[in-house]
Amino acid sequence: VNSHIVYEVLDLIGTFVFAISGAVAAKQRNLDLFGVVVMAFVVACGGGIVRDVCIGAVPPAGLSDWRYLVAAMVAALITIVAYPQVKRLRHPVLFFDAIGLGLFAVSGAQKALAYSHNAEVAILLGVATAVGGGTLRDVLLARVPVILQKDIYASAALLGAAIQVACEGLRVSQPWTPWAATLVCVGLRLFSLRFHWHLPTFATRKAEKAGSNR
Amino acid sequence: VNSHIVYEVLDLIGTFVFAISGAVAAKQRNLDLFGVVVMAFVVACGGGIVRDVCIGAVPPAGLSDWRYLVAAMVAALITIVAYPQVKRLRHPVLFFDAIGLGLFAVSGAQKALAYSHNAEVAILLGVATAVGGGTLRDVLLARVPVILQKDIYASAALLGAAIQVACEGLRVSQPWTPWAATLVCVGLRLFSLRFHWHLPTFATRKAEKAGSNR
Amino acid sequence: VNSHIVYEVLDLIGTFVFAISGAVAAKQRNLDLFGVVVMAFVVACGGGIVRDVCIGAVPPAGLSDWRYLVAAMVAALITIVAYPQVKRLRHPVLFFDAIGLGLFAVSGAQKALAYSHNAEVAILLGVATAVGGGTLRDVLLARVPVILQKDIYASAALLGAAIQVACEGLRVSQPWTPWAATLVCVGLRLFSLRFHWHLPTFATRKAEKAGSNR
């Protein structure tokens, strides 16, 4: 019972930070007040709705549980009020997106595992939950989707989801496991942004200008 | 039983007018005959299919009920035949879209309410049904999605869906309630288009050139 | 029992060739190794996941059956290794897409028919399975979606799915029926690409420069 609450907390914090990421992106595009709230909600709940539909958890929690709606709306309103402060961050959209990525990869994988009892479904839907909202945000705002950029993004989500599912599957899960898996994903994502880490592009027979490592 | 028919009628008229909106947009882009029919069907049934998947009503009515397919195809054929007449309207895509918006907001909310018995799900899916088709149309045709423009669009759908769900929830629903809710939404949308009403953008410390009211 | 295996084989070959199509498109855009694998998987399994969600077959086979993941990953790796050879083909993305189109139209229609017992659902979801992956690929990579071009694409999938469903419905299905339906769809698609066949655009009162026939 107690562990159940942990994943809900992860999910609600993830909803909150993804909503900030969506609201900032909408504000940058100068959408109206309602547009900012809609974008915050879509980015925050889009990935989870796709996950819930795929595991048959209908109606999706993002639509039926008022706490998700409230979390997204509070985040949108805070963003609007505190926009001058938020704007001072270097890459506010990507920063909040990175934190949501780790939280959703772990909570999404855990929920899918609880419904499907299938490790592959759990890992894939953990990744989908984590990258779904940001991809929707970028497609709707006609930005280049983060998953298409040569960043460590979906791969960080995959690592976080895989750690969570592996620890559950091997029955070595501890109370701090979900937090550790989240931290690994968020840390990997933020470090890769900070230090311009990339995955190799397998360019054939030509030295690429974008140096890549790991 | 009788009231059930009302919502089916709303839904089928909505399908018809959204299909016209999609077919006109496809015709403007000079798609071939089949492309016009496909676009009409996607715009007309896309929002409803998303709603049905989210409430577990599978297979979605838009796919399993032949009347939706027929309504979309008849609308597409009429559009192709009467295109010179349709073109004379000022904004044919937005005009038919506005009527569909109100019809789908109400019928979509009612169907979601009947399945989920949850007012939040009903209102959110009413909005999703109403704005889903138009958003799909604009994304597929690489137009700027209506929901991103500073128009009263999703907010009009929200009002229509909320009136319908509130009247049902408070058990004050009359036979004319769905029609009134539809009329409020369509009227608000058309007036906002006609008189350039906008929601405030909360521009910080700078007078915006686009004056906004309401 | 035996016929069941046929549709699984069709589905897995379709997954494999669609994955090649997605991987080549991702490689052309110079995505990193992980991006190529993700794109291969999304293109290969996206249409089938939409179909499975619409018929209530959750979790979708593309997520729960490891063979789909393996087929997509093997295709992605082969594409990366053999990219110099693949590149020599005239239109590698469209060529593998055409083969997948026919395979998925037939296997998708058959699976939807088995679940819904509704010919309309089966045909529409056969088409959706066939065109879904390619449309996702083009939207994500910001290419003009194939279904929007004046090509015989969705119409070829419709023909393949309709032949399959008609033969099943009329109980005249033979062991070679699915292969024949696939061949008709793939052949029509490839011939239309080779000889620039188009559907009429119903241009009103003006001779179009793009001559169209059939």
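Small disclaimer: the values here were computed from a predicted structure and weren't measured.

## Some details on the overall build of chain A
When its secondary structure is counted, chain A shows 9 helices and 0 strands. Counted from the first residue to the last, chain A has its helices and strands arranged as α-α-α-α-α-α-α-α-α. Expected size for 214 residues packed as a compact globule is a radius of gyration near 17 Å; at 17 Å, chain A falls within 12% of this value. By principal-axis analysis of the C-alpha atoms, chain A measures approximately 50 × 40 × 25 Å. A total of 214 residues make up chain A; the buried ones form 56% of that total.

## Re the interface of chain B and chain A
With 26 residues of chain B in contact, the opposing surface of chain A contributes 24 residues. Buried area between chain B and chain A, both sides added, is near 2100 Å², and the carbon and sulfur share of it is 70%. Inspection of the region where chain B meets chain A yields 0 salt bridges. For the pair chain B and chain A, the number of links is 2 residue pairs in polar contact (both at pLDDT 80 or more). It is helix 7 (residues 119-140) of chain B that provides the largest number of residues to the side of chain B that touches chain A, a total of 5 residues. Residue classes in the side of chain B that touches chain A are distributed as 14 nonpolar, 7 polar and 5 charged.

## Notes on the relation of the copies chain A and chain C
Mapping chain A onto chain C calls for a rotation angle of 120 degrees and an axial translation of 0.0 Å; the resulting RMSD is 0.0 Å. The two molecules are tied by a three-fold rotation axis, judged by turn and shift. Residue A:Val53, judged by its C-alpha, is the member of chain A lying nearest the rotation axis, at 4.1 Å.

## Details of the environment of B:Arg143
Residue and element names in this part refer to chain B. Position of Arg 143 among the secondary structure elements: in the loop between helix 7 and helix 8 (154-169). Taking C-alpha positions, Arg 143 is 24 Å from Ile 78, a pair spaced 65 residues apart along the chain. The contacts of Arg 143, once residues within four sequence positions are left out, are Ala 25, Gln 28, Val 93 and Asp 138.

## Quick notes on the relation of the copies chain B and chain A
Once turned by 120 degrees and shifted 0.0 Å along the axis, chain B lies on chain A with an RMSD of 0.0 Å. Here only 4% of the interface residues in chain B have copies in chain A that are interface residues too; the copies meet through unlike faces.

## Brief notes about helix 7 (residues 119-140) of chain C
All names here are of chain C. The terminal C-alpha atoms of helix 7, which comprises 22 residues, lie 31 Å apart, in line with the 32 Å expected from a rise of 1.5 Å per residue. Most of helix 7 is tucked away: 18 of the 22 residues are buried. One side-chain oxygen at the N-terminal end of helix 7 lies 2.8 Å from the backbone nitrogen of Glu 120; it belongs to Asn 118. With its phi angle positive at about 55 degrees, Ala 142 sits one or two positions after the end of helix 7.

## With respect to the pattern of salt bridges
All chains considered together, the criterion is met by 18 salt bridges over all chains. In this structure, the salt-bridge partner of B:Arg51 is B:Asp52, at a minimum N-O distance of 3.0 Å. Taken together, the shared-partner salt bridges connect A:Glu8, A:Asp65 and A:Arg67 into one network.

## Things to note about the interface of chain A and chain C
Listed as interface residues are 26 residues of chain A and, on the opposing side, 24 residues of chain C. Between chain A and chain C, the buried area comes to about 2000 Å², and carbon and sulfur atoms account for 70% of it. Between chain A and chain C we count 0 salt bridges in total. Where chain A touches chain C, the interface holds 2 residue pairs in polar contact (both at pLDDT 80 or more). At the level of secondary structure, the elements contributing two or more residues to the side of chain A that touches chain C comprise helix 2 (33-55), helix 7 (119-140) and helix 8 (154-169) of chain A.

## Considering the packing of helix 7 of chain B against helix 8 of chain B
Residues and elements named next belong to chain B. For the pair helix 7 and helix 8, the least separation of the axes is 9 Å and the interaxial angle reads 140 degrees. What the angle tells us is that helix 7 and helix 8 run oblique. The way helix 7 lies across helix 8 gives a crossing that is right-handed. Residues Ala 119, Ala 122, Ile 123, Gly 126, Val 127, Ala 130 and Val 131 of helix 7 pack against Ala 154, Ala 157, Leu 158, Ala 161, Ala 162 and Val 165 of helix 8. Split by residue class, the contact of helix 7 with helix 8 holds 12 nonpolar, 1 polar and no charged.

## Here's the deal with helix 2 (residues 33-55) of chain B
Residues and elements named next belong to chain B. The terminal C-alpha atoms of helix 2, which comprises 23 residues, lie 33 Å apart, in line with the 33 Å expected from a rise of 1.5 Å per residue. Burial analysis of helix 2 places 18 of its 23 residues in the buried class, which makes it a mostly covered element. One side-chain oxygen at the N-terminal end of helix 2 lies 3.0 Å from the backbone nitrogen of Phe 34; it belongs to Asp 32. With its phi angle positive at about 80 degrees, Gly 56 sits one or two positions after the end of helix 2.

## Looking at the side chain of B:Ser116
Tracing the backbone shows B:Ser116 in helix 6 (residues 92-116). Residues contacting B:Ser116, with those up to four places away along its chain left out, are A:Pro59 and B:Val121.

## Some thoughts on unusual backbone geometry
With an omega of -10 degrees, the peptide bond running from A:Val58 to A:Pro59 counts as cis. Looking at the element boundaries, A:Pro59 is found in the loop between helix 2 and helix 3 (61-64). Despite not being glycine, C:His117 shows a phi value in the positive range, around 50 degrees. Inspection of the secondary structure puts C:His117 in the loop between helix 6 (92-116) and helix 7.

## Some remarks on the packing of aromatic side chains
All names here are of chain B. Counting across every chain of the model gives 9 aromatic pairs over all chains. Here the aromatic rings of Phe 95 and Phe 96 are separated by 5.3 Å at their centres, their planes lie at 75 degrees, and the arrangement is edge-to-face. With relative accessibility at 14%, the residue Phe 96 sits in the buried group. Note that Lys 27 overlies the ring of Tyr 83, its terminal NZ or CZ placed 5.0 Å from the centroid.

## With respect to the state of the cysteines
In the structure shown here, the tally under the stated rule is 0 disulfides over all chains. Unpaired in terms of disulfides, A:Cys45 finds its nearest cysteine sulfur in B:Cys54, a separation of 11 Å. The closest cysteine sulfur to the non-disulfide-bonded A:Cys167 is located on A:Cys185, 14 Å from its own sulfur. Looking at A:Cys167, the relative accessible area reads 17%, which means it is buried.

## Observations concerning the packing of helix 2 of chain A against helix 6 (residues 92-116) of chain A
All names here are of chain A. At their nearest, the axes of helix 2 and helix 6 sit 10 Å apart, and the two run at 15 degrees to each other. Taken as axis vectors, helix 2 and helix 6 run roughly parallel relative to one another. Where helix 2 crosses over helix 6, the two elements pack in a sense that is right-handed. Here Ala 44, Arg 51, Asp 52 and Ile 55 of helix 2 come into contact with helix 6, specifically with Phe 104, Ser 107, Gly 108, Lys 111, Ala 112 and Tyr 115. Its residues placed into classes, the contact of helix 2 with helix 6 shows 5 nonpolar, 2 polar and 3 charged.

What counts and what doesn't
Residues numbered from 1 in each chain as written. Chains lettered and ligands numbered in written order. Predicted model: local features only at pLDDT ≥ 70, side-chain atom pairs only at ≥ 80, totals over all residues. Heavy atoms only, no water. Helix = DSSP H or I, 4+ residues; strand = E, 2+ residues; numbered from the N terminus. Rg over C-alpha atoms; globule rule 2.2 N^0.38 Å. Buried < 20%, exposed > 50% of the residue type's maximum accessible area, 1.4 Å probe, protein only. Contact = heavy atoms within 4.5 Å. Buried area = accessible area lost by both parts, 1.4 Å probe. Salt bridge = Lys/Arg side-chain N within 4 Å of Asp/Glu carboxyl O. Polar contact = N/O pair within 3.5 Å; in protein donor to acceptor, adjacent residues only side chain to side chain. Nonpolar A, V, L, I, M, F, W, Y, C, P; charged D, E, K, R; others polar. Least-squares fit on C-alpha atoms with pLDDT ≥ 70 in both. Expected span 1.5 Å × (residues − 1). Axes fitted to C-alpha atoms, helices over the stretch in contact; angles between N-to-C directions. Parallel < 35°, antiparallel > 145°, perpendicular 65-115°, else oblique. Left-handed = near helix turned anticlockwise from the far one by under 90°. Phe/Tyr/Trp six-rings, centres within 6.5 Å; stacked < 30°, edge-to-face > 60°. Lys NZ or Arg CZ within 6 Å of the ring centre and 35° of its normal. Disulfide = S-S within 2.5 Å.

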